[in-house]
Amino acid sequence: MSSASRTPEVLEIATTAGVVQARQQVRALAQQCRLSLVEQTKLITAASELARNTLIHGGGGTMTSFLVEERGRRGVRLVFIDHGPGIPDVNLALTDGWTSGNGMGLGLSGAKRLVDDFALDTTPGEGTTVTITKWGR
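**Notes on the packing of helix α2 (residues 37-56) against helix α4 (residues 107-114)**
Part 1 of the reasoning: One can describe the packing of α2 onto α4 by two numbers: an axis separation of 9 Å at closest approach and a directional angle of 150°. Between α2 and α4, the angle falls in the class roughly antiparallel. For α2 against α4, the interelement crossing comes out left-handed. Residues Lys42, Thr45, Ala46, Glu49, Leu50 and Asn53 of α2 touch α4, and the partners they reach there are Gly107, Leu108, Ala111 and Leu114.
Part 2 of the reasoning: Grouping the amino acids of the contact of α2 with α4 by side-chain chemistry returns 5 nonpolar, 3 polar and 2 charged.

**Overview of the packing of aromatic side chains**
Part 1 of the reasoning: Across all of its chains, the model carries 0 aromatic pairs by this definition.
Part 2 of the reasoning: Positioned above the aromatic ring of Trp135 is the side chain of Arg73, whose terminal nitrogen or guanidinium carbon lies 4.0 Å from the ring centre.

**Quick look at the pairing of strand β3 (residues 73-82)**
Part 1 of the reasoning: In terms of residue burial, β3 counts as a mostly covered element, since 7 of its 10 residues are buried.
Part 2 of the reasoning: Pairing analysis gives 10 bridges linking strand β2 (residues 61-70) to β3, with the strands arranged antiparallel. Residue pairing in the sheet places Glu70 in a bridge with Arg73 of β3.
Part 3 of the reasoning: As paired strands, β3 and strand β5 (residues 127-135) are joined by 8 bridges and run antiparallel to one another.

Rules of the game
Residues numbered from 1 in each chain as written. Predicted model: local features only at pLDDT ≥ 70, side-chain atom pairs only at ≥ 80, totals over all residues. Heavy atoms only, no water. Axes fitted to C-alpha atoms, helices over the stretch in contact; angles between N-to-C directions. Helix = DSSP H or I, 4+ residues; strand = E, 2+ residues; numbered from the N terminus. Parallel < 35°, antiparallel > 145°, perpendicular 65-115°, else oblique. Left-handed = near helix turned anticlockwise from the far one by under 90°. Contact = heavy atoms within 4.5 Å. Nonpolar A, V, L, I, M, F, W, Y, C, P; charged D, E, K, R; others polar. Phe/Tyr/Trp six-rings, centres within 6.5 Å; stacked < 30°, edge-to-face > 60°. Lys NZ or Arg CZ within 6 Å of the ring centre and 35° of its normal. Buried < 20%, exposed > 50% of the residue type's maximum accessible area, 1.4 Å probe, protein only. Pairing = 2+ DSSP bridges.

These figures capture arrangement, not role.
Structure representation (structure tokens):
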């Protein structure tokens, strides 16, 4: 990973190996950003859920990761993009316990709770983009 991580790194998520790679990449960035161990764990867990969703529900896609600085604070921003079926009911999908598959129903809502900023953009039939940011304290 480059030391100038302000340059976005794009990772292909096409297999379960891509999900593992996403976790490793996020861990390295979180450490570089000097997030606490608890904050690192939260971000890695959220990234793992979103990477898994990208693969399983979106049919694969990408994760773009980079360090950000705003108003004197540093953070890690991740953007997950797929071109799958999209999410027909975002409010339902963000409800704890709701699942579209065999999961526990904690993916999107859990990821949202674990990070500081969460944005979801989806169009049925076109795909989904989820952007998350975890800020250093």
